[in-house]
Every structure is written in structure tokens, then in C-alpha cells.
Amino acid sequence: MDERAIGMFDSGFGGLSVARALIDLAPNEDIVYVGDTGRYPYGPRPLGEVRDYSLQIADWLADDCGVKIIVVACNTASAAALDLLQSKIDVPVVGVIEPGSRALLKATQSGRVGVIGTVGTISSGAYQREVADLDPEKHLTCAACPGFVEFVERGEVESEQLAVLAERLLAPLKEARIDSLLLGCTHYPFLSRTLLEVMGRDVVLVSSADETAFEVRRILNESGLAAARKGIGKKAFYSSGDTRWFHDMGSMLFGEDLGEVIPLRWEDYE
Ligand code: DGL
């Protein structure tokens, strides 16, 4: 049994979808969440830059916060840096790509599946490799969705403009007649209603958030790292950008008041 906190990070608010799922599954765990909104979005950045940011955040979570496990609650950061973090950080590091891919393959009946994500995630080929490794028989169509993250970060999770963009970006997936679509960006579950309307009710939306939360709980239980305490764990939210914005937008997306958001200044750690 281990009472240390779970560390998680994302470029911004997207990882809150993973935090939500994890809190529902393991409410007694303490959580330290970093939203790197001072440097968001990660999606359009070169993967090397995302790798450097991810390593800095993971080091901070492990060394300064003393967390027992790190959840890379961001597909772009998982695609860019998971292997590096797993080799450099002394606590277990969990990404979202493998759990999400497994869930996608479990959901499909027809074998025609899709993944949407940021430009960084899709162009890294991480999902293409993972799905091919897990089951080379499945037919995967991927699409990058530039612009979706910005809609979420503006709190605009349903609008005419979003629907028009979604129609355009999701067209290749509709053409490929997929029956299951993995939301390969932790921001996208906040857009589920629009995505479902565009794809049609027969397509199953798979969220990497839920699957990642199950994976984290499995690792905690199997490695004796789960907290023994009863009751509700403490949550600490950090933002490297505007903390008031993080509080207001984050609380709206999270569906609960985040409480005080603590400023994080990377200059202090360089
Ligand atoms: N939420 C992040 C992901 O899962 C990316 C958002 C961004 O572009 O910063 O990929």
C-alpha cells in the first residue's frame, strides 16, 4: 500500500478527461495534475520539443512531488516521449496509446476502425504501429484533426462551426465505413456529442481516458501501489499558464470546481 499521489499531465485541459475517469475508479487516490497551458498546444509542435517538455514535467512530478506513478494523459506526449520517460523515470509511466488501441480493437465488429488525433500524434505513426502490432488483420484509417483542441480550450464544445469542421475532417473515416472510432486526443471526449452526430449513431466512440484509468488501477493493484486510505483523495491542479483561465475552463470541462489552481513557472526549474 502506498499513499503517495498519482502524477498526471497534459498540455492543457484534455487530461482532465483521464483524471475524471481515474477519480471515478479510484476516488481515494491523491492526484497531482499538471496542465501545461503556458506551452499548449502540443499537437502542432515538433515531436522533439514535446519530448523535452514531457521529460521536464515528468522529472518535476517524480522529484519535486514524489509521485508513485505518472500518467501521460496526452496522446501527443505519449507518442513523442513515452519510451524515453519509461527509461528515465524511476516510477511506472503509463501512456494512453496502448490502452486506447486495445479498447478500439475490442469494440469493432467489422474490423474497420479509425483513430483521430492531433497532427503530432497521427504523423508520429504511433497508433498505426500499435494497432498493427496488436492485430495486423484490422483495417485502420487515421485522421489528424487540427483545430479541435482549440475549440475545447475555448470551451466551445458544440457549435455550428465545430460541426462544419468535423464534417470535413471526419469525411475519410465515414468513407472508410469504420464502425469504431478511437478519440486519440484526450481533449476529444469533450466533443463527443458533435463527433457522434457527424459519424452517425452506429459508430462506437472509444475514449482512451476510460481505458487508461483501468490500466492505471490495474498497475497500482498489481504492484502494491494502491492507496489504503478510505474516503476521498486530495487533488492538486497546477497550470503553467493563466491559472484563473485554467480554473474556470477546467472546472467547466471537469464538471466540478477544481479549487485553487497553483501556478507553475518553468523558469524556476531551468
Ligand atoms: N490533449 C492532447 C492529446 O491528447 C493534445 C492537445 C494539444 O495539441 O496540446 O494529444
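To keep things clear, this report deals only with the structure shown in the data block.

What counts, and where the lines are drawn
- Residues numbered from 1 in each chain as written.
- Predicted model: local features only at pLDDT ≥ 70, side-chain atom pairs only at ≥ 80, totals over all residues.
- Heavy atoms only, no water.
- Helix = DSSP H or I, 4+ residues; strand = E, 2+ residues; numbered from the N terminus.
- Rg over C-alpha atoms; globule rule 2.2 N^0.38 Å.
- Buried < 20%, exposed > 50% of the residue type's maximum accessible area, 1.4 Å probe, protein only.
- Contact = heavy atoms within 4.5 Å.
- Areas by Shrake-Rupley, 256 points an atom, 1.4 Å probe, with all protein chains shown as cover.
- Lys, Arg positive; Asp, Glu negative; His and termini not counted.
- Charge placed at Lys NZ, Arg CZ, Asp CG, Glu CD.
- Salt bridge = Lys/Arg side-chain N within 4 Å of Asp/Glu carboxyl O.
- Phe/Tyr/Trp six-rings, centres within 6.5 Å; stacked < 30°, edge-to-face > 60°.
- Lys NZ or Arg CZ within 6 Å of the ring centre and 35° of its normal.
- Pairing = 2+ DSSP bridges.
- Axes fitted to C-alpha atoms, helices over the stretch in contact; angles between N-to-C directions.
- Expected span 1.5 Å × (residues − 1).
- Bend = angle between axes of the 7 residues up to and from the residue.

Points about the overall build of the chain
Helix and strand counts for the chain come out as 11 helices and 10 strands. The C-alpha atoms of the chain give 18 Å as radius of gyration, which agrees with the globular expectation for 270 residues (18 Å, within 12%). Dimensions along the principal axes, computed over C-alpha positions, put the chain at roughly 50 × 40 × 35 Å. A burial count over the chain gives 56% of its 270 residues as buried. When contacts within the chain are restricted to residue pairs at least 6 apart in sequence, those whose partners lie at least 24 apart make up 76%. Entry remark: accessible area of the chain is about 11500 Å², with carbon and sulfur atoms responsible for 49%. Here the chain contributes 26 positively and 41 negatively charged side chains, and the mean placements of these two sets differ by 3 Å.

Observations concerning the pattern of salt bridges
One pass over the structure, following the stated rule, counts 18 salt bridges. Salt-bridge contacts for E215 lead to R102; the nearest nitrogen and oxygen are separated by 3.7 Å. Of this pair, E215 sits in helix α10 (residues 208–222) while R102 sits in helix α4 (residues 97–107); the two residues are 113 residues apart in sequence, bridging distant segments of the chain. For E222, the salt bridge is made with R218, and the minimal N-O distance between the two is 2.7 Å. With a gap of 4 residues between them, E222 and R218 both fall in helix α10, about one helical turn apart. The class of E222 is exposed, set by a relative accessible area of 60%.

What to know about the packing of aromatic side chains
Taken as a whole and assessed by the stated rule, the structure comprises 10 aromatic pairs. When the centroid spacing of 5.9 Å and the interplanar angle of 40° are considered together, the rings of Y42 and Y53 count as tilted. You can see Y42 sitting in the loop between β2 (31–35) and α2 (47–64) and its partner Y53 sitting in helix α2, a full 11 residues away along the chain. Residue class for Y42 comes out buried when judged on its relative accessible area of 1%. With centroids separated by 4.9 Å and ring planes inclined at 75°, the aromatic side chains of W60 and Y238 adopt a geometry described as edge-to-face. Of this pair, W60 sits in helix α2 while Y238 is found in strand β9 (residues 235–239), placing the two residues 178 residues apart along the sequence. The burial state of W60 is the same as that of Y238; both residues are buried. Of note, R20 hangs over the ring of F254, and the distance from its end group to the ring centre comes to 4.5 Å. The ring of Y53 carries the charged tip of R39 above its face, separated from the ring centre by 3.9 Å.

Considering the sheet that holds strand β1 (residues 6–10)
What the 6 strands build is an open sheet, ordered β4-β3-β1-β2-β9-β10; its pairing is parallel. Edge positions in the sheet fall to β4 (93–94) and β10 (261–263), since each has one partner strand and no second. With respect to the sheet, helix α1 (residues 15–25) is in contact with β1, β2, β3 (69–72) and β9, its orientation differing from that of β1 by roughly 155°. The strands touched by α10 within the sheet are β1, β3 and β4, with β3 carrying the most contacts at an inclination of about 165°.

Quick word on the sheet that holds strand β7 (residues 180–183)
Spatially, β6-β5-β7-β8 is the arrangement adopted by the 4 strands of the open sheet, whose pairing is parallel. Single-partner strands in this sheet number two, and they are β6 (139–144) and β8 (204–207). Between one strand axis and the next, the sheet turns through 25° on average, direction left out of account. The pairing of strand β5 (residues 112–117) with β7 spans 4 bridges and is classified as parallel. When the bridges of β7 are listed, I116 appears paired with L183.

Remarks on the environment of P92
With respect to the helices and strands, the residue P92 is situated in the loop between α3 (75–88) and β4. Given the relative accessible area of 31%, P92 is considered partly exposed. Along the chain, P92 and I69 lie 23 residues apart, while their C-alpha atoms are 5.0 Å from each other. Other than its neighbours up to four places away in sequence, P92 contacts K68, I69, I70, I219 and L225.

Overview of helix α8 (residues 160–175)
End to end, α8 covers 22 Å across 16 residues, agreeing with the expected 22 Å (1.5 Å per residue, within 8%). If you look at α8, its biggest bend is around 45°, right at L169, and the proline P172 turns up within four residues after that. Residues of α8 that are buried: L162, L165, A166, L169, L170 and L173. Close packing links the buried residues of α8 with β5, β6, α7 (148–153), β7 and α9 (192–199). Looking one or two residues past α8, R177 carries a phi angle of roughly 50°, positive in sign.

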